[in-house]
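# Chains, contacts and geometry: an overview
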There are 8 protein chains.
Amino acid sequence: MATKKKPVVSIVMGSDSDAPHLKDAVAVLEEFGIGYEVRVLSAHRTPDEAARYAKGARKRGINVIIAAAGGAAHLPGVLGSLTGIPVIGVPMMTRAFKGIDSLLSILQMPKGIPVATMAVGSAGGRNAALYAVRILALTDRRIETRLGRHIKDMAQQVLSKDRRVKRQFA
Amino acid sequence: MATKKKPVVSIVMGSDSDAPHLKDAVAVLEEFGIGYEVRVLSAHRTPDEAARYAKGARKRGINVIIAAAGGAAHLPGVLGSLTGIPVIGVPMMTRAFKGIDSLLSILQMPKGIPVATMAVGSAGGRNAALYAVRILALTDRRIETRLGRHIKDMAQQVLSKDRRVKRQFA
Amino acid sequence: MATKKKPVVSIVMGSDSDAPHLKDAVAVLEEFGIGYEVRVLSAHRTPDEAARYAKGARKRGINVIIAAAGGAAHLPGVLGSLTGIPVIGVPMMTRAFKGIDSLLSILQMPKGIPVATMAVGSAGGRNAALYAVRILALTDRRIETRLGRHIKDMAQQVLSKDRRVKRQFA
Amino acid sequence: MATKKKPVVSIVMGSDSDAPHLKDAVAVLEEFGIGYEVRVLSAHRTPDEAARYAKGARKRGINVIIAAAGGAAHLPGVLGSLTGIPVIGVPMMTRAFKGIDSLLSILQMPKGIPVATMAVGSAGGRNAALYAVRILALTDRRIETRLGRHIKDMAQQVLSKDRRVKRQFA
Amino acid sequence: MATKKKPVVSIVMGSDSDAPHLKDAVAVLEEFGIGYEVRVLSAHRTPDEAARYAKGARKRGINVIIAAAGGAAHLPGVLGSLTGIPVIGVPMMTRAFKGIDSLLSILQMPKGIPVATMAVGSAGGRNAALYAVRILALTDRRIETRLGRHIKDMAQQVLSKDRRVKRQFA
Amino acid sequence: MATKKKPVVSIVMGSDSDAPHLKDAVAVLEEFGIGYEVRVLSAHRTPDEAARYAKGARKRGINVIIAAAGGAAHLPGVLGSLTGIPVIGVPMMTRAFKGIDSLLSILQMPKGIPVATMAVGSAGGRNAALYAVRILALTDRRIETRLGRHIKDMAQQVLSKDRRVKRQFA
Amino acid sequence: MATKKKPVVSIVMGSDSDAPHLKDAVAVLEEFGIGYEVRVLSAHRTPDEAARYAKGARKRGINVIIAAAGGAAHLPGVLGSLTGIPVIGVPMMTRAFKGIDSLLSILQMPKGIPVATMAVGSAGGRNAALYAVRILALTDRRIETRLGRHIKDMAQQVLSKDRRVKRQFA
Amino acid sequence: MATKKKPVVSIVMGSDSDAPHLKDAVAVLEEFGIGYEVRVLSAHRTPDEAARYAKGARKRGINVIIAAAGGAAHLPGVLGSLTGIPVIGVPMMTRAFKGIDSLLSILQMPKGIPVATMAVGSAGGRNAALYAVRILALTDRRIETRLGRHIKDMAQQVLSKDRRVKRQFA
């Protein structure tokens, strides 16, 4: 799943146990041929490293940060407060609160430091990558074209399922 | 509050009763000198107009759509399914569910059609505009510089409040 | 489970993964001898097809649409905004929010575009079909008679369970 | 607000304190020229009267029952268990639970006894009447025509608000 | 588990699938030597039988009704509205709402018709029986004595667990 | 509002700010001519007094304890763990959690120590007193007769409201 | 309200709009004669200052940090990750989520970085100060004595309210 | 896992079924070489023993009480009301309410009796012990040094995971 391309999207997770929920995100970036890097950074256990990473991201060519975190889930907001590039937060599922804690901790950022929140779990992970694609497509014709095809492919999949179900009940 | 600039950001609301919660969003775009347009489009009462608008947005030069809606709040998702440009959803406060209905209707988009969700209400409105600013800043040095200053100004405001409170209790 | 009758009830699902939760709905329509059709249509991935379907439903003889969807669950509301026939929404269970997201996205329709919401999951699916039966029974004596019998049969089942339990503890 | 027409729609409330939230429902039926009656019946304080009413409704020509109730909100379900005609439940706002109690008590009916649930409060009241209109429109061309006009009028209102807002920000 | 004693406590469930959650309740009544009967009665599928049962309960010597129900869970309230004897409601666990629907439907009874609500599930079932015991103990010295012993036994069980755990970590 | 009768019902509140929500409870006991006492006892601020009170209640002739508390709301459970007489808990409204905290703290008592939970706020207060009435009516013919009349009076009130509303819309 | 004592407790708020909810906390520290300082520091708008403050707190003699924050409420966790002294978090009330967002963002800290969470709002603010008192009382006999008196005074206040209410209903 | 040291931290659980969720807490205290004791005490089933224990804790040298409880979860508050030493509450997971009942019952203590609430379940258990460590570290240089190392070790673990993940996607 490795890529040689210079990373423009960064996927950061608060714990390596979040990795399985970000597989889809990685797959999307691979599919669109977008360079990316994957990191484990904890807002609470490695606060200095996380701060350094966020402050240097833009210089290193990163255009979008996808940050996944669960529970108190401060990571997306902490990164967003230390860089001016768009941050997309992916709330991870939790046991007691089913990810509502992660969601609110990411969503309820104060005025001035916006974070784009996605759905809880791996669906949110996939959509985070597709949102990064939409941002990059604004200034990259090749990506925009692929995005158009991607949307059409999804429609085709639904339509073929529709035909199958229609036949089944005809 | 009018601007002559060619709109690159679109602010769409599901009902004109949402307008007060989007004032901050407009103010941010004015402050950054970004061209914008403001529209009332209902996913349910004017579905055809909403569809037409979303499909034509990119051609007309729109780069980001900010869509505010309350309750079933389908507007951001409906627009996002008909255009490939980034859509930012702002959940409006509601009486019975305090905006949780609006939030979930915007947040829980299926895999494939991402919408960036902001906090409920006017704080979310302001941050939606600042998120649009972050997206545009990626390819516009002037906006990026202003964004850096904006972040520093916010810090200064907190620091001056800190000094005032410190003195008060010294 | 196929039927030759001209469809008057339409069962639409947002994803074919919803199909198992609609088996009961199909079984009810079969039991009452009501013509139906089953479709997969996504409000977000096939917005144009969904719109076309809703606009043409009445002309094609459809009297009631049962629409199941999960998460942002826009399908019932989107269909209801494009046709004047009664739409019954069935919220699908979801992992993070246990179907509360689906429920609120269907329930909280704005003034003017009503959708009849049923319970979450397959119980809601079964009841959606029985609600369609109630609507059709208003103008179809044969269906009305069967409905009366159906209600009496349910009572008999409870009464026989009551006898069994009473004996067990006597 | 009185009407001479033979009632085909029944509006029942669990307490006369619910009346203000049903004004919109009455207004809709008046607008569409549909005969209706308004009753106060408590599932808990007048259980026998409520039962008698439900059992006799169909005979008396009622085609749809709109039942509003708050808190434990058993009224719609109790009526629905004693008649075969479609019942539409409108959950009333409550102080402690913001109508979520009313909503769940109406929504979560067991398999076999469907109730169509609307949004909480007067928006739900209005939509309940419009849902009754949709049911009646299936077999009444005059009502169907008016419904089509009603939907177009709503679109026009949104469009004129759109024009106003567009001008304001142009 | 049968008993010959004249029933003074009635255990009613809305569906025989609730029976496992009432085993503890039966066991408590057996332990205290209290006569009881067990019934299946549905507020919605057998409304007339449920009404008849509630109205005749006092005459037949029933002093307390324990009513378990899930979802819309109208049974305890419906019984309580048709008899003057104390009703204890036990909310059953549900899949989508984890019993919160059952709980609110039982708890939020209107002024005038009280129902005593217990915890969700079989813990609530057990406590419902113990609450019936407390009511009967007010006028039955033998039951009161047993209740005192029961409370002391519970304390002894905790104390012996405490000793075991203390030793384990000493 | 004082009464000379020997108290058999005790109304205990965790804070005197709960008093207004218990007025209805007092009024009910007055109406039924039942002796009662009213106390302020805090499970947390006066734990020893609360314990002493619960332990001595039965001896002093108290048959039912109504305990109102908000927030952590330990009072009903603490009293119930120290006496064998029935305790009825009334959850008080709270600002942050709208009484859900009070409700769960009272409802979720462990197996062995039952507390009868009523609705949140003054409706729950009124019903707590009526539940005490139901318990006392089991062995007091005079109270039972008054309870029957009370239930009929409530029905009459609903019926007269029904007549008024019916006329209004006739 | 100023104090000359060397600060050992630090009260930090994320925004000066939180100040009114911390008045009680200040009053408690004044009452116990404990030195304190009050600061405004934002985890998101002044991340560097907040980090510097937390890292230097122990050296400057601070023993306990009370941190109040609302919404995403990262402040207590961010401070706790940068110092080893006990941090007490006070969730501020919010409009949409009634402080549940603030609560979960503070409560759900990952393993390794504990934060002590108090109740939402000013009650939590007061208790935060009393918790700091409890910590300091462990090694300061004078504070411990005052704490004992404080607890007795609270009991006396409840008892005198009890006497007043008892008289009122006697 | 036994220790000979004089206990300064007390771990109390409401039921021995909570023990597995406190293993981490015990492990932390062992790791830091802090003396502790483990007890089973029920606020409801052994109220007198619980009271005696809390009142005598300080005299016996206990400096911090960690109290775990589920459901109505009164234990931490009851202990905290009977001693002046810091109490840390750990809400246990529950089936119906996923620990939200336990959380609110512990969190929402009234003004005057503070309890420090941790996250739900064993993560909260571990952090409770680490919070006790932070309190003890204030006056014990050896523990403070170990705590510093513990925090650095956690950072190292994250950094090594980061290196592994980085390599994997390079």
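Here the structure is a predicted model, which means the values were calculated and not measured.

Quick notes on the rules
Residues numbered from 1 in each chain as written. Chains lettered and ligands numbered in written order. Predicted model: local features only at pLDDT ≥ 70, side-chain atom pairs only at ≥ 80, totals over all residues. Heavy atoms only, no water. Helix = DSSP H or I, 4+ residues; strand = E, 2+ residues; numbered from the N terminus. Rg over C-alpha atoms; globule rule 2.2 N^0.38 Å. Buried < 20%, exposed > 50% of the residue type's maximum accessible area, 1.4 Å probe, protein only. Contact = heavy atoms within 4.5 Å. Areas by Shrake-Rupley, 256 points an atom, 1.4 Å probe, with all protein chains shown as cover. Lys, Arg positive; Asp, Glu negative; His and termini not counted. Charge placed at Lys NZ, Arg CZ, Asp CG, Glu CD. Least-squares fit on C-alpha atoms with pLDDT ≥ 70 in both. Patch = residues over 30% accessible without salt bridge, like charges linked within 9 Å, V, L, I, M, F, W, Y side chains within 5 Å. Salt bridge = Lys/Arg side-chain N within 4 Å of Asp/Glu carboxyl O. Nonpolar A, V, L, I, M, F, W, Y, C, P; charged D, E, K, R; others polar. Buried area = accessible area lost by both parts, 1.4 Å probe. Polar contact = N/O pair within 3.5 Å; in protein donor to acceptor, adjacent residues only side chain to side chain. Arc of directions from axis to C-beta. Pairing = 2+ DSSP bridges. Right-handed = clockwise from strand over helix to strand, strands pointing away. pLDDT = per-residue confidence, 0-100. Axes fitted to C-alpha atoms, helices over the stretch in contact; angles between N-to-C directions. Parallel < 35°, antiparallel > 145°, perpendicular 65-115°, else oblique.

A word on the overall build of chain A. Across its full length, chain A holds six helices and five strands. Taken from the N to the C terminus, the helices and strands of chain A come in the order β-α-β-α-β-α-β-α-β-α-α. The C-alpha radius of gyration computed for chain A amounts to 17 Å, which stays within 12% of the reference 15 Å derived for 170 residues, consistent with globular compactness. Dimensions along the principal axes, computed over C-alpha positions, put chain A at roughly 60 × 40 × 30 Å. When burial is assessed residue by residue, chain A has 65% of its 170 residues classed as buried. Within chain A, residue pairs in contact and separated by at least 24 positions form 67% of the contacts whose partners lie at least 6 positions apart. Surface accessibility of chain A: about 5800 Å² in total, with carbon and sulfur atoms responsible for 51%. Averaging the positions of the 26 positive and the 13 negative side-chain charges in chain A gives two centres separated by 4 Å.

Turning next to the relation of the copies chain B and chain A. Two chain copies, one operation linking them: a rotation about an axis together with a shift along it. Here chain B sits on chain A after a turn of 180° about the axis and a move of 0.0 Å along it, with an RMSD of 0.0 Å. Taken together, the rotation angle and the small translation identify this as a two-fold axis. A shared interface surface links the copies, since 98% of the contact residues of chain B are contact residues in chain A too.

With that out of the way, let us pick up the environment of D:Val133. Looking at the secondary structure, you find D:Val133 in helix α5 (residues 122-137). Apart from residues lying up to four places away in sequence, D:Val133 is in contact with D:Val28, D:Phe32, D:Ile34, D:Ile143 and D:Leu147.

A separate point is a positive patch on the surface. Residue and element names in this part refer to chain C. Taken together, Arg 163, Arg 164, Lys 166 and Arg 167 make up a surface patch of like positive charges. By the secondary structure assignment, Arg 167 is in helix α6 (residues 141-169). In this structure Arg 167 comes out as exposed when scored by relative accessible area, which is 60%.

A word on the interface of chain C and chain D. Between chain C and chain D, the contact holds 39 residues from the first and 40 residues from the second. Counting every contact that joins chain C to chain D gives four salt bridges. For the side of chain C that touches chain D, the secondary-structure elements that each account for two or more residues are β4 (87-91), α4 (100-107), β5 (116-117), α5 (122-137) and α6 of chain C. Tallying contributions element by element places α5(C) first for the side of chain C that touches chain D, with eight residues. Class assignment for the residues of the side of chain C that touches chain D results in 24 nonpolar, nine polar and six charged.

Take the interface of chain B and chain A next. Each partner contributes residues to the interface: chain B has 40 residues there, and chain A has 39 residues. Of the roughly 3400 Å² buried at the junction of chain B and chain A (both faces included), carbon and sulfur atoms supply 59%. For B:Lys111, the salt bridge identified is with A:Asp24, shortest N-O distance 3.2 Å. Counting every contact that joins chain B to chain A gives 19 residue pairs in polar contact (both at pLDDT 80 or more). Mapped onto the side of chain B that touches chain A, the elements with two or more residues apiece are β4 (87-91), α4 (100-107), β5 (116-117), α5 (122-137) and α6 (141-169) of chain B. Of the residues belonging to the side of chain B that touches chain A, the class tally is 24 nonpolar, ten polar and six charged.

With respect to the helices, strands and loops of the structure, G:Arg134 is situated in helix α5 (residues 122-137). Although G:Arg134 is buried, it forms no salt bridge, and the closest oppositely charged side chain is G:Glu144 at an N-O distance of 10 Å. Here H:Gly80 takes part through its backbone oxygen, which lies 2.9 Å from a polar atom of the side chain of G:Arg134. Discounting chain neighbours no more than four positions away, the residues touching G:Arg134 are G:Leu147, G:Ile151, H:Gly80, H:Thr83, H:Gly84, H:Ile85, H:Pro86, H:Ile113 and H:Pro114.

The closest approach of any C-alpha atom in chain A to one in chain F is 16 Å; the two make no contact. Kept free of each other, chain C and chain G leave a smallest C-alpha distance of 16 Å between them.

Once that is clear, we can look at helix α2 (residues 47-57) of chain B. Residue and element names in this part refer to chain B. Of all the residues in α2, the buried ones are Pro 47, Ala 50, Ala 51, Tyr 53, Ala 54 and Ala 57. Axial view of α2: buried residues confined to an arc of 165°, hence all on one face. Buried residues in α2 make contact with β1 (9-13), β2 (36-40), β3 (64-69) and α3 (75-80).

Let us now look at the pairing of strand β4 (residues 87-91) of chain D. Residue and element names in this part refer to chain D. Most of β4 sits out of view: five of its five residues are buried. Taking every second residue as pointing to the same face, both faces of β4 are buried, with Val 87, Gly 89 and Pro 91 on one and Ile 88 and Val 90 on the other. Pairing between strand β3 (residues 64-69) and β4: five bridges, direction parallel. The partner of Ala 67 across the bridge, within β4, is Gly 89. A crossover links β3 with its parallel partner β4, the connecting element being helix α3 (residues 75-80), and its sense is right-handed. Taken together, β4, helix α4 (residues 100-107) and strand β5 (residues 116-117) constitute a β-α-β crossover, and its handedness is right-handed.

Attention now moves to the confidence of the model for chain A. When pLDDT is averaged along chain A, the result is 96, and 98% of the positions lie at 70 or above. Reported confidence for the predicted complex is 0.96 by ipTM and 0.96 by pTM.

Superposing chain C onto chain D takes a rotation of 180° combined with a translation of 0.0 Å along the rotation axis, leaving an RMSD of 0.0 Å. Same-surface contact between copies: 100% of interface residues of chain C are shared with the interface of chain D.

Moving on, we come to the environment of E:Ile65. Looking at where E:Ile65 falls in the secondary structure, it is placed in strand β3 (residues 64-69). On the basis of relative accessible area, E:Ile65 is assigned to the buried category, the value being 0%.

Turning our attention to the packing of helix α4 (residues 100-107) of chain A against helix α4 (residues 100-107) of chain G. As a packed pair, α4(A) and α4(G) sit with axes 8 Å apart at the nearest point and diverge in direction by 105°. Taken together, the axes of α4(A) and α4(G) lie roughly perpendicular to each other. Only G:Ile100, G:Asp101, G:Leu104 and G:Ser105 of α4(G) make contact with α4(A), whose side of the interface consists of A:Ile100, A:Asp101, A:Leu104 and A:Ser105. For the contact of α4(A) with α4(G), the class distribution of residues is four nonpolar, two polar and two charged.

Okay, unusual backbone geometry next. All names here are of chain E. For Ala 73, which is not a glycine, the phi torsion comes out positive at approximately 45°. Of note, Ala 73 is situated in the loop between β3 and α3 (75-80). Judged by relative accessible area, which is 3%, Ala 73 ranks as buried.

So, about the pairing of strand β1 (residues 9-13) of chain C. Residue and element names in this part refer to chain C. Taken across its five residues, β1 has five buried, putting it largely inside the fold. Here β1 shows a buried face lined by Val 9, Ile 11 and Met 13 and a second buried face lined by Ser 10 and Val 12. In this sheet, strand β3 (residues 64-69) lies alongside β1 in parallel orientation, the contact comprising five bridges. Within β3, the position partnered with Met 13 by the bridge is Ala 68.

Bringing the pattern of salt bridges into the picture now. Taken as a whole and judged by the stated rule, the model has 78 salt bridges over all chains. Close ionic contact of C:Arg60 with C:Glu37 constitutes a salt bridge, the shortest N to O distance being 2.7 Å. With C:Arg60 in the loop between α2 (47-57) and β3 and C:Glu37 in strand β2 (residues 36-40), this pair connects stretches of sequence that are 23 residues apart. In this structure C:Glu37 comes out as buried when scored by relative accessible area, which is 11%. Here C:Glu49 makes a salt bridge to C:Arg52, at a shortest N to O gap of 3.7 Å. Taken together, the residues span about one helical turn, with C:Glu49 and C:Arg52 both in helix α2 at a distance of three residues. Residue C:Glu49 is classed as partly exposed on the basis of its relative accessible area, which comes to 24%. Note on C:Arg52: relative accessible area 56%, which makes it exposed. A single salt-bridge network, built from bridges that share partners, covers A:Asp24, A:Arg126 and B:Lys111.

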